[in-house]
Amino acid sequence: MIKFYKKVIIFFVLFFVLLKCLDSLIIHDEFLHATLNQLKDKKEKFDFIYMGNSLSRRSYNVNSIDTILNTKSINIGSEAQHFFITNAIFNDFIIDKNLHPEELLIVTISPWQFKNLKAKWWQFLQMAPLDELRHSFKLTNKFFSINDYPKVYSRFIRFHSNLSKEIIQTDTRRKLFEANKPNGFSLSIDGNLTKKQKLDRQNLKQESLNYTKSVKNSKETTLNKDEEQSIIDFISKCKEHKIKLLFITPPSIKNIHYKHEHGFFKYLEILFQKYDTNYIDLNGYFSEMNLTFDDFSDYSHLNKEGNQKITPFLLKLLLKKKLTSIKPRLKTIKKSNLKEKPSPIISDYKTWGKVNSTIKSSISDNNILVISRTSKLESSFVYTKTTSLNEVKNYSISIDVKKGDFGNFFGLRVQSKYPQRMDVVFDLNEGETVGLEKTGDFYKGNTKVVPLKDGWYRCILNLEIRAKEFKIIIGPTIKENKVTSWESKVNNRNDIYILPSSFKMNEF
Amino acid sequence: MLFNSIDFAIFFPIVFVLYWLVAKNLTLRNALILGSSYFFYGWWDVKFLLLIILSSFVDFIVGKSIGKQTNRKKNLLFASLFVNLGLLFYFKYTNFLIQSFVDSFTFFGGKIEVSTLNIILPVGISFYTFQTLSYTIDIYRNKLKPTKNWLAFFSFVAFFPQLVAGPIERASHLLPQFYKTYKFNYNQVKSGLLLVAFGLFKKMIIADRAAILVNQVYNNSTDYNGVETIIATILFAFQIYCDFSGYSDIAIGISRTLGFDLMKNFDSPYFSKSITEFWRRWHISLSTWFRDYVYIPLGGSKKGKNRTYVNLFIVFIVSGLWHGAAITFLIWGVIHGFIIVLEKATKNLRVNIYSKLGLIKNSISYKILFSLITFTIVSFAWIFFRANNFKDAMHIVNGLFENNYIILFTSNLYKLGLIRSELIILAISIISLLIFEILNRRNNIQVILNRQPMFFRWITYLLIVFVLIIFGIYGDNDTSQFIYFQF
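Residues numbered from 1 in each chain as written. Chains lettered and ligands numbered in written order. Predicted model: local features only at pLDDT ≥ 70, side-chain atom pairs only at ≥ 80, totals over all residues.

Asks: Sorry if this is basic, but what is going on with the overall build of chain A here?
Replies: Within chain A one finds 18 helices and 18 strands. Intrachain contacts of chain A at a sequence separation of at least 6 include 75% that bridge at least 24 residues. (Helix = DSSP H or I, 4+ residues; strand = E, 2+ residues; numbered from the N terminus. Contact = placed C-beta atoms within 7 Å.)

Structure below.
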């Protein structure tokens, strides 16, 4: 019996150690946890604080705004955040004067923030922000019963259904976030509408032109008493604490398209007018911002391109409506901040590493190199120096290659921490891609083979890299090898000609 | 107190430690079991403890008296039946009878205003009533000697692992286990705990996850049809199986850690090749109870074919009503009864047809085909079992044939309450369960696990616990209740 109890104790110790380790890995989607901590640790004062749901999270690129204005902003919006939760978070940090924004509190407002909280799935979505409010349950209880929600025994347990996703992404994402904020932002606003989605909303342009008129002619859709009161409380608390407040409805195809929602926007205009509160409905500026389908990742959210359009427009509006006094600071913009970083140089073959391979100049032309395998039985390749990356970037890697004296297949790999990689094999006889395979960290891969003179081909790989560091691996291969292991053993001598000066990696 | 609650996670280790401290002293041990069982039951509602005490008291006295008397045996048995079934009828069927009376009156054009009574059904009443009845009936039939040990008997009736949802134990099997002490057996405790973990897997990962989708569709039946209702119905089949067999596994596992042996209640029922076989594998403790105490007393199969069919039909109608006082449960029983009678009546004909078609009984194709047919029939019957009322059930049945299979290929599939990742987890869990059951029938997986090195075993145990906490569904009152608690 004693043996059993001892084992039980050891088991539970092991269990809790593991649980604790896993718990520390959990961060929420959209970095709410990290951003709230950043706000609350008071290491810096923020000029702008952005709040709200995913529309807030994905519409305002704080890094981009701060670069232009030389300000400090923070975005604490999170996916599917109900307005009650936004209000609860607001109530949580408003107590501490040091957390107040220096310039402006920008709160996103849209119909989706007032969804019925009784739906189980909708409740589940509120858990991420709720978990952040562990010390402010009383505040949360003001708006709904906390007993309706599953109890929290551990962050790990609470977010069990997201765990697989979190475990894969968290480490990379957290490091990216800590290293450079905008990367986290970029990660969350990728994506484009599909052809079908575009076709289904082909009247977008016309609808956007008619939007303002449609809102004006719509019958107001009022919120229920509690919901309206939560907005009014928000406004009055801001007035009480002398915080400059701006409500914004970011542009969304849904808002433009669904006429039954237009009454809601009319209601908001009237409500904010009544309470003398600043409100901008950006849906009314669709054409001014020159927004098209390509600027949205879905019907609700802007993507990177859309974000680039909304940022300068929003800033102009803030200045025009005199909602901020930051104008003088514009003079202090450091031009260097706006400069693009040059792409890493990879063409210097003297810096390349070799594994069971030789790199020699061609007899006919010194500019041409021959990469040959020195072992048939072991993996052979050459690799570039490791390139560090602080944010998600799209690269086009290209190199001019010609078939060797022994072999006509060329392998190219972009690799971060093994086994995360993207592999591609080119056939230099046919001038085509044999195959492309990916394993994590690398996305949106596509290839192109451009025929040049004298049997040369320009082999191009376009891809998105989400790794913190990576290197490029190249070498000759054979038809029989799998794409994912093109560098592995061969049955004969194997080489390839390359033009190192053509080896480039351009950001796009 | 639910097995899948924090309350129980605190309660059980305390009981377990105390139990093995006093295990050598029989009286003290049984007193602990009784006390903890009453505490476990009283956690729901202390008032209902009186019912269980009354039921235990009546059957203990009646059992003893029947054992002594020879001429008043029948009267005493009736006294026991009257008290036990009387309580069961009062709590379970009063409102059903009142409502049925009002409905029939209204159906024939009459006008009557009778309101139903505010009666709360005590948890597990159907289970412990049947368990105590088996004791008095067996004594009456001279199959069992009455016990003189009231503590053992009261503990037998209230034994907390199986008190509220079975297995419905026979006195002849469980009661003698309260007469002897047990030594702590490490392997037995480990095996029990693994069974508990398996039960929790079924309950928390499959049943409670499936419940989210099933509840969404069945509670809004007019909003869904076709593929949506088919998915919900198939998932309900797995929900109810995992919910109930999960409970049984936990009950058997907990009892095993205390040295007790409870009967097997489920035996991979969805691999049955006929409805008759299904009932030999599903809720075995109830179906054998009905066999011994209803079917056989009615004459069983000894009074000719037609009478056998009638007896079978009666058993299934009673079984339907045992589950709940509603027309839907009655229809569920009728469907099963009808199919079983049909299977019996056409047995020879079917054998001839199969042999002409060249269907070999032991072939895999035969097993797969007939398992699928049986599963389809069982799932169809579950519609009536799960539907909130007859109208909903008929709506679902009519909706089954709507052609909207396109939903399977659109994101609408994820609007039934479970997002894509949750559906994938559910599908993987169900497939894993079925594979596990197939493998376990061939080789006992626990035995195989015990043969592995310690490192592997510990990794497996930790993995099991982590799988439970990562993928388990917690704290949602709609889903975490065990379905069979309502019966």
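Back to the text.
Asks: What should I look at first to understand the overall build of chain B in this one?
Replies: A count of helices and strands for chain B gives 20 helices and zero strands. With 487 residues in all, chain B has 41% of them scored as buried. In chain B, once contacts between residues fewer than 6 apart in sequence are set aside, the share between residues at least 24 apart is 74%. (Buried ≥ 20, exposed ≤ 12 C-beta atoms within 10 Å, placed from the backbone.)

Asks: It is not clear to me how the sheet that holds strand E4 (residues 245-249) of chain A should be interpreted in this structure. Could you clarify?
Replies: Strand pairing in a sheet is mediated by backbone hydrogen bonds. Such pairs are either parallel or antiparallel. Residue and element names in this part refer to chain A. Spatial strand order, E2-E1-E3-E4-E5: five strands in an open sheet with parallel pairing. Only two strands of the sheet have a single partner each, and these edge strands are strand E2 (73-75) and strand E5 (278-281). Here the average twist between neighbouring strands, direction ignored, is 15 degrees. Direction of pairing for strand E1 (residues 48-51) relative to strand E3 (residues 104-108): parallel, over a ladder of four bridges. Across the sheet, Met51 pairs through a bridge with Val107, a residue of E3. (Pairing = 2+ DSSP bridges. Axes fitted to C-alpha atoms, helices over the stretch in contact; angles between N-to-C directions.)

Asks: Mind showing me how you'd approach unusual backbone geometry here?
Replies: Trans is the common state for peptide bonds, and a negative phi is the common state for residues other than glycine. Residues and elements named next belong to chain B. At Ser268, a position not held by glycine, the phi torsion is positive, near 40 degrees. You can see Ser268 is positioned in the loop between helix H9 (227-257) and helix H10 (275-281). For His283, which is not glycine, the phi torsion reads 40 degrees and is therefore positive. Its location among the elements puts His283 in the loop between H10 and helix H11 (284-295).

Asks: What am I meant to see in the packing of helix H13 (residues 327-345) of chain B against helix H15 (residues 364-386) of chain B here?
Replies: All names here are of chain B. Direction vectors running N to C along H13 and H15 enclose 160 degrees, while the axes themselves pass 7 Å from each other. On the basis of their axis angle, the class for H13 and H15 is roughly antiparallel. Between H13 and H15 lies a crossing whose hand is right-handed. For the pair H13 and H15, the contacting residues are Thr328, Phe329, Ile331, Trp332, Ile335, His336 and Ile339 in the first and Ile377, Ala381, Phe384 and Phe385 in the second. Looking at the contact of H13 with H15, its residues break down into nine nonpolar, two polar and no charged. (Parallel < 35°, antiparallel > 145°, perpendicular 65-115°, else oblique. Left-handed = near helix turned anticlockwise from the far one by under 90°. Nonpolar A, V, L, I, M, F, W, Y, C, P; charged D, E, K, R; others polar.)

Asks: Would you explain the packing of helix H3 (residues 49-68) of chain B against helix H5 (residues 125-140) of chain B in this entry?
Replies: Residue and element names in this part refer to chain B. The N-to-C vectors of H3 and H5 enclose an angle of 5 degrees; their axes lie 9 Å apart at closest approach. On the basis of the axis angle, H3 is roughly parallel to H5. Touching Leu51, Ile52, Ser55, Ser56, Asp59, Val62, Gly63, Ile66 and Gly67 of H3 are Ile125, Tyr128, Thr129, Thr132, Tyr135, Thr136, Ile139 and Tyr140, all from H5.

Asks: How should I be thinking about helix H6 (residues 150-158) of chain B in this particular structure?
Replies: Each full turn of the α-helix corresponds to 3.6 residues, which orients residues three or four apart in the same direction. All names here are of chain B. When you tally the buried positions in H6, you get seven out of nine residues, the bulk of the element. Three or more residues of H6 are buried, namely Ala152, Phe153, Phe154, Ser155, Phe156, Val157 and Ala158. Elements that come into contact with the buried residues of H6 comprise helix H2 (26-42), H3, H5 and helix H7 (171-174).

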